[in-house]
Amino acid sequence: QVQLVESGGGLVQAGGSLRLSCAASGRTFSSYAMGWFRQAPGKEREFVAAISWTGGRTYYADSVKGRFTISRDNAKNTVYLQMNSLKPEDTAVYYCAADSTQYRDSYSYAQSQYEYSYWGQGTQVSVSS
């Protein structure tokens, strides 16, 4: 069993920044890729970013590329999402998730939510205009 706990959400003005954290426990965190997803009201959950189990490769949705940065600290069992230049359309509940595949090839990534086994409870990010 894996437990994921997100933190760091909040209300921010457009152009501002937030840093989300996701603390993991319960299994060998460092051997699994991690992802961030978001879900806005009335919309489907969408992929935001992913990071390989080594931390050496990262992947982003086009909508956040250049503004968001995913990183991980395997010593702390934590993955982060630094969000800069926030826009009102970034408003959503943000979820971190653990890949279902151990040691996934770092040159590929899981973009579908169905490829992730464990999810956090989500943290609300609201961006005002």
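The rules behind these values
- In this numbering scheme, every chain counts its residues from 1 along its sequence in written order.
- Per-residue local features of the predicted model are confined to residues with pLDDT of at least 70, and side-chain atom pairs are confined, for both listing and counting, to 80 or more; whole-chain, interface and lining totals are unaffected and use all residues.
- Side-chain metrics rest on all non-hydrogen atoms present in the structure, leaving aside hydrogens and water.
- Going along the chain from the N terminus, every DSSP run of H or I of four or more residues is numbered as a helix, and every run of E of two or more is numbered as a strand.
- What the globule rule says is 2.2 Å times the number of residues to the power 0.38, and the radius of gyration is computed from C-alpha atoms.
- Buried means the residue's accessible area, taken with a 1.4 Å probe over protein chains only, is under 20% of the maximum for its type, while exposed means over 50%, and partly exposed covers the values in between.
- Contacts: residue pairs with any heavy atoms within 4.5 Å of one another.
- Areas reported here follow the Shrake-Rupley algorithm with a probe of radius 1.4 Å; residue values treat only the protein chains shown as occluding.
- Here Asp and Glu are counted as negative and Lys and Arg as positive; His is not counted, and neither are the chain ends.
- Every charge is mapped onto a representative atom, which is NZ of Lys, CZ of Arg, CG of Asp or CD of Glu.
- Only when DSSP finds a minimum of two bridges between them are two strands counted as paired.
- Salt bridge criterion: a side-chain nitrogen from Lys or Arg within 4 Å of a carboxyl oxygen from Asp or Glu.
- Any pair of nitrogen or oxygen atoms within 3.5 Å is treated as a polar contact; in protein, a donor-acceptor pairing is required on top of that, and neighbouring residues in sequence qualify only through side-chain atoms on both sides.
- The set of buried Ala, Val, Leu, Ile, Met, Phe, Trp, Tyr and Cys residues whose side-chain atoms join them within 4.5 Å is what this entry labels a nonpolar core.

Participant: Just to check I follow, could you spell out the overall build of the chain for this structure?
Facilitator: Along the backbone of the chain there are 0 helices and 11 strands. When the elements of the chain are put in sequence order from the N terminus, they spell out β-β-β-β-β-β-β-β-β-β-β. Relative to a compact globule of 129 residues, whose C-alpha radius of gyration would be 14 Å, the chain shows 14 Å and is just as compact. C-alpha extents for the chain along the principal axes are approximately 40 × 30 × 25 Å. Looking at the chain residue by residue over its 129 residues, the buried ones come to 44%. For the chain, restricting intrachain contacts to residue pairs at least 6 apart in sequence, the fraction spanning at least 24 positions comes to 61%. Carbon and sulfur atoms provide 45% of the accessible area of the chain, an area that totals close to 6400 Å². Here the chain contributes 12 positively and 10 negatively charged side chains, and the mean placements of these two sets differ by 4 Å.

Participant: Is there a simple way to explain the pairing of strand β5 (residues 46-51) in this structure?
Facilitator: Put simply, side chains in a regular strand alternate between the two faces of the sheet. By the criterion of burial, β5 is predominantly enclosed, with 5 of the 6 residues buried. The pairing of strand β4 (residues 32-39) with β5 spans 5 bridges and is antiparallel. Paired with F37 across the strands is F47, a residue of β5. The hairpin formed by β4 and β5 contains 6 residues between the paired strands, and G42 there has a positive phi angle of roughly 75°. Here β5 pairs with strand β6 (residues 58-60) via 3 bridges, running antiparallel. Opposite A49, over in β6, you have Y60 as the bridge partner. What sits between the antiparallel neighbours β5 and β6 is a turn of 6 residues, in which G55 has the positive phi angle 85°.

Participant: What exactly am I supposed to notice about the side chain of E6 here?
Facilitator: By the element assignment, E6 lies in strand β1 (residues 3-7). Summary of buried charges: E6 has no salt-bridge partner, and the nearest side chain of opposite charge, R45, is 7.7 Å away. Among the polar contacts made by the side chain of E6, one reaches the main-chain amide nitrogen of C96 at a distance of 2.8 Å. At 2.8 Å, the side chain of E6 and the backbone nitrogen of G122 are in polar contact. Aside from chain neighbours lying at most four places away, what touches E6 is S21, C22, W36, Y94, Y95, C96, G120, Q121, G122 and T123.

Participant: Help me understand the side chain of D90, please; the structure alone is not making it clear to me.
Facilitator: On the secondary structure map, D90 appears in the loop between β8 (78-83) and β9 (92-102). A polar contact is formed between the side chain of D90 and the side chain of R38, at a distance of 2.9 Å. When neighbours within four sequence positions are excluded, D90 is seen to be in contact with R38, R67, F68, S85, V125 and V127.

Participant: What is the right way to read the environment of P41 from this model?
Facilitator: In this fold, P41 is placed in the loop between β4 and β5. For P41, a relative accessible area of 74% corresponds to the exposed category. Sequence-wise, P41 and G10 are 31 residues apart; in three dimensions their C-alpha atoms are separated by 16 Å.

Participant: For this particular structure, what's the right way to read the nonpolar core?
Facilitator: Soluble globular proteins: nonpolar side chains tend toward being buried together. Judged by nonpolar contacts, the single largest core of 36 residues is most densely connected at W36, L81, M83 and Y94. Those elements giving two or more residues to this core turn out to be β3 (18-25), β4, β5, β6, β7 (68-73), β8, β9 and β11 (123-128).

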